[in-house]
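One letter stands for each residue in the lines below.
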Amino acid sequence: MELWANLIVLTWAVAFMLWQGVGFAITLGTVFAIWAILAVSLNLVVGFTGLLSIGHIGFFGIGAYAMAFLTSDASYEQLRTEAIPTLGWPFFAALPVSVVLAGVTALLVGIVFNRFRDDIFVLVSFGFAIIAFSVFLNLRSVTRGAFGIHEIERPAIGGWVLDGEVEFLVFALICLALVVLVCWLIVTSSFGRVLTAIREDEEAIAVFGYQVTHYKLAVWVISAMMAGLAGGLFGSWTTFIDPNSFILLESMLLVCIVILGGLATIWGSLLGAMAFVLLDEGMRFLPFIPSEFVGQARQIVLGILLVLLMLFRPQGLVGRYRL
């Protein structure tokens, strides 16, 4: 099953990119890199630690809005819509702030979330996603509310601006590679083995003297910082963000990607992200689906896939553990 899943998804990706051309393949690759960073980071929490979080999209949004607020020159909008301060930071100065801000937020909410387990943890993470969206929509002095933020800075090294799609794709893939490396170092270390033990039996590992809450909080913060990195990349790539990019549905889709690829496997997160991006973009080219119904059709197909997985392969395409 794992071999066939790999062959089908990878062959599908190559064929689809060849069919649509190089330009579309580059865009597809960038979208994949951003979603893959999100999926790998969430799998640290859901797959390796056993904490089902629905609120990860909030950290993604924090990273994106931090990047937008710090780098955007929105002065041309101030006469017509909500005005925000114009800071004009360079991309590589704003990106670490985006990552750290997401981590600090995760630390603050994680101190509260550590009191909860199982179903209650799912509910409070659900609430965090709703609160984050409400802040993005209503804190207009920082986010400009529903108007969104324009003119977000692209990465620049000296006088070389990565404003081309190929250059940004390479940069995004480098960031993905670094995230994958960090995750691999974590899960193969003694720290990662404790996380796996927490997933299997939290009370048993506490008996041996491990401070379970500290480990859970640490992986929660690390995962959120990775999501903040993905958010910073997303904001810079699109050069425009608004609250609709960080709705609860996006968080649910992210969880679906992790389940689709497989829990507690880094490769599964990459494979799940690729399958999702191919599904998401590929359905736009099906001639028998009207363009106004493509969004609904995507959700139907993804829902059917998840139901089939839960029935016949609950561990996902290449996973080892069941949800």
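Definitions and limits used
Residues numbered from 1 in each chain as written. Predicted model: local features only at pLDDT ≥ 70, side-chain atom pairs only at ≥ 80, totals over all residues. Heavy atoms only, no water. Helix = DSSP H or I, 4+ residues; strand = E, 2+ residues; numbered from the N terminus. Rg over C-alpha atoms; globule rule 2.2 N^0.38 Å. Buried < 20%, exposed > 50% of the residue type's maximum accessible area, 1.4 Å probe, protein only. Contact = heavy atoms within 4.5 Å. Areas by Shrake-Rupley, 256 points an atom, 1.4 Å probe, with all protein chains shown as cover. Lys, Arg positive; Asp, Glu negative; His and termini not counted. Charge placed at Lys NZ, Arg CZ, Asp CG, Glu CD. Phe/Tyr/Trp six-rings, centres within 6.5 Å; stacked < 30°, edge-to-face > 60°. 1 Å grid on protein atoms, 1.4 Å probe; cavity = no way out; pocket = protein on both sides within 12 Å on 5 of 7 lines; lining within 4 Å. Points joined across faces, edges and corners; volume = space filled by probe spheres on them. Nonpolar A, V, L, I, M, F, W, Y, C, P; charged D, E, K, R; others polar. Patch = residues over 30% accessible without salt bridge, like charges linked within 9 Å, V, L, I, M, F, W, Y side chains within 5 Å. Salt bridge = Lys/Arg side-chain N within 4 Å of Asp/Glu carboxyl O. Core = buried A, V, L, I, M, F, W, Y, C linked by side-chain atoms within 4.5 Å.

**Student:** Would you mind going over the overall build of the chain in detail, with residue names and values included?
**Tutor:** From N to C terminus, the chain includes 13 helices and two strands. Here the C-alpha radius of gyration of the chain, 20 Å, is about what a compact globule of 323 residues would show, namely 20 Å. In terms of its C-alpha atoms, the chain occupies a principal-axis envelope of roughly 60 × 45 × 35 Å. Sorting the 323 residues of the chain into buried and exposed places 53% on the buried side. For the chain, the proportion of contacts with a sequence separation of at least 24, taken over those separated by at least 6, is 77%. Accessible surface, the chain as shown: approximately 14800 Å² in total, 70% of it carbon and sulfur. On the chain, the mean spot of the 14 positive side-chain charges and the mean spot of the 20 negative ones are 7 Å from each other.

**Student:** Pulling in residues and values, what's your account of the packing of aromatic side chains?
**Tutor:** Applying the stated criterion across every chain, the model contains 19 aromatic pairs. For the ring pair Phe60 and Phe234, a centre distance of 5.3 Å and an interplane angle of 45 degrees mean the geometry is tilted. Of the two residues, Phe60 sits in helix H3 (residues 56–71) while Phe234 sits in helix H10 (residues 212–238), which places them 174 residues apart along the sequence. One exposure class covers both Phe60 and Phe234, and it is buried. Pairing Tyr65 with Phe136 gives two aromatic rings, centres 4.8 Å apart and planes at 25 degrees, and the pair type is stacked. With Tyr65 in helix H3 and Phe136 in helix H5 (residues 118–138), this residue pair connects regions lying 71 residues apart in the sequence. Each member of the pair, Tyr65 together with Phe136, is buried. Among the aromatic residues, those joined into a ring-pair cluster are Phe59, Phe113, Phe121, Phe128 and Trp220.

**Student:** Which residues make up empty space enclosed by the protein, and what are the values?
**Tutor:** Within this structure, the stated rule accounts for one cavity of 30 Å³ or more. The calculated volume of the largest cavity comes to roughly 40 Å³. If you go around the largest cavity, the residues you meet are Leu51, Gly110, Phe113, Asn114, Phe121, Lys216, Leu217 and Trp220. For the lining of the largest cavity, the secondary-structure elements that each account for two or more residues are helix H4 (91–113) and H10. When residues in the lining of the largest cavity are grouped by element, the largest group, three residues, is from H10. Its residues assigned to classes, the lining of the largest cavity comprises five nonpolar, two polar and one charged.

**Student:** Tell me about a nonpolar patch on the surface, and name the residues and values.
**Tutor:** Taken together, the side chains of Val166, Val170, Ile174, Leu178, Leu181, Trp184 and Leu185 define a hydrophobic patch exposed on the protein surface, amounting to about 660 Å² of accessible area. Within the element layout of this structure, Leu185 appears in helix H7 (residues 165–187). Judged by relative accessible area, Leu185 falls into the partly exposed class, the value being 46%.

**Student:** An account of the environment of Phe92 is requested, with residue identities and associated values reported.
**Tutor:** Its place among the elements puts Phe92 in helix H4. Every residue in contact with Phe92, bar those within four places of it in the chain, is listed here: Pro155, Ala156, Ile157 and Phe171.

**Student:** Explain the nonpolar core to me, and be specific about the residues and the numbers.
**Tutor:** Core analysis: the biggest nonpolar cluster contains 109 residues, and Trp35, Phe59, Trp220 and Phe246 have the highest contact counts within it. The biggest single contributor to this core is helix H2 (residues 22–48), with 17 residues.

**Student:** Pulling in residues and values, what's your account of the pattern of salt bridges?
**Tutor:** In total, this model carries three salt bridges according to the counting rule given. Between Arg199 and Glu200 there is a salt bridge, with its nearest N and O atoms 2.9 Å apart. A residue is classified by how much of its surface remains accessible, and Glu200, at 52% relative accessible area, is exposed.

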